[in-house]
Amino acid sequence: MVKKEEKKPVKAKYYEALGRRKTAIARVRLSLGEGRVTVNDKELKEYFREPGLGQVVLSPIDNLKLGAKFDVNVKVRGGGIHAQSEAVRQGLSRALTIFNAEFKKRLRNLGFLTRDSRMVERKKY
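Definitions and cut-offs
Residues numbered from 1 in each chain as written. Predicted model: local features only at pLDDT ≥ 70, side-chain atom pairs only at ≥ 80, totals over all residues. Heavy atoms only, no water. Pairing = 2+ DSSP bridges. Helix = DSSP H or I, 4+ residues; strand = E, 2+ residues; numbered from the N terminus. Axes fitted to C-alpha atoms, helices over the stretch in contact; angles between N-to-C directions. Parallel < 35°, antiparallel > 145°, perpendicular 65-115°, else oblique. Contact = heavy atoms within 4.5 Å. Nonpolar A, V, L, I, M, F, W, Y, C, P; charged D, E, K, R; others polar. Left-handed = near helix turned anticlockwise from the far one by under 90°. Buried < 20%, exposed > 50% of the residue type's maximum accessible area, 1.4 Å probe, protein only. Salt bridge = Lys/Arg side-chain N within 4 Å of Asp/Glu carboxyl O.

J.: Could you clarify how one ought to interpret the pairing of strand β5 (residues 70-77) in this entry?
T.: The side chains of a regular strand alternate between the sheet's two faces. In the sheet, strand β2 (residues 24-32) pairs with β5 via eight bridges, with the strands oriented antiparallel. Opposite Arg29, over in β5, you have Asn73 as the bridge partner. Alignment of strand β3 (residues 37-39) against β5, held across three bridges, turns out to be parallel. Within β5, the position partnered with Val37 by the bridge is Val72.

In structure tokens form, the structure reads like this:
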């Protein structure tokens, strides 16, 4: 008699999600690590130089009190610097919910999972 092997849950190398705001699109990859955050191959403070934007990006991790448990790698394009920071925040929140579904309710209550669909109105002749 041959025993069936039990399937173990597979831990992914990274968790990937998209975030959007206006015309900014951010692809966020979250992996277990030492807390490094890179945006377009630059450090977080180097890319988001304006004070407060770095806090906007890291607010999901700060509110969940996860500390320096994750490395975050982000590719972001389009939009302005403020829209990019909010797109990264949404993408990071979505990646955290893929990592652990229990985070979803807390992030939803904070408003980090809600897509802000407002766009610039087109020009008319």
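Anyway, onward from the coordinates.
J.: What should I look at first to understand the packing of helix α2 (residues 53-63) against helix α3 (residues 81-99) in this one?
T.: Remark: α2 packs on α3, axes separated minimally by 8 Å, with the N-to-C direction vectors making an angle of 10 degrees. It follows from the interaxial angle that α2 and α3 lie roughly parallel. Residues Leu53, Val56, Val57, Ser59, Pro60 and Ile61 of α2 touch α3, and the partners they reach there are Ile81, His82, Ser85, Glu86, Val88, Arg89, Leu92, Ser93 and Leu96. Of the residues in the contact of α2 with α3, the class split is nine nonpolar, four polar and two charged.

J.: Just checking my understanding: could you explain the packing of α3 against helix α4 (residues 103-110) for this structure?
T.: Describing two packed helices takes the angle between their axes plus the distance from one axis to the other. Put simply, α3 and α4 touch, their axes get as near as 8 Å, and they point 160 degrees apart. Between α3 and α4, the angle falls in the class roughly antiparallel. For the element pair α3 and α4, the recorded crossing hand is left-handed. In contact with Ser93, Leu96, Thr97 and Phe99 of α3, α4 contributes Phe103, Lys104 and Leu107. Its residues assigned to classes, the contact of α3 with α4 comprises four nonpolar, two polar and one charged.

J.: Any chance you could explain the pairing of strand β1 (residues 15-21) here in plain terms?
T.: Burial of β1 is one-sided: the residues Tyr15, Ala17, Gly19 and Arg21 facing one way are buried, the residues Glu16, Leu18 and Arg20 facing the other way are not. As defined by bridge partners, β1 adjoins β2 across seven bridges and the pair is classed as antiparallel. Within the sheet, the bridge partner assigned to Leu18 lies in β2 and is Arg27. Joining the antiparallel neighbours β1 and β2 is a turn of two residues, in which Lys22 adopts a positive phi near 50 degrees.

J.: I tried to follow the pattern of salt bridges on my own but got confused; where do I start?
T.: Should the charged atoms of two oppositely charged side chains come close, the side chains can pair. Counting across every chain of the model gives nine salt bridges. Glu34 is the partner of Arg36 in a salt bridge, and the nearest nitrogen-oxygen pair spans 2.9 Å. Using a relative accessible area of 46% as the deciding quantity, one classes Arg36 as partly exposed. Glu34 sits in the exposed class, given a relative accessible area of 56%. In this structure, the salt-bridge partner of Asp116 is Arg118, at a minimum N-O distance of 2.8 Å. We classify Arg118 as exposed; its relative accessible area is 56%.

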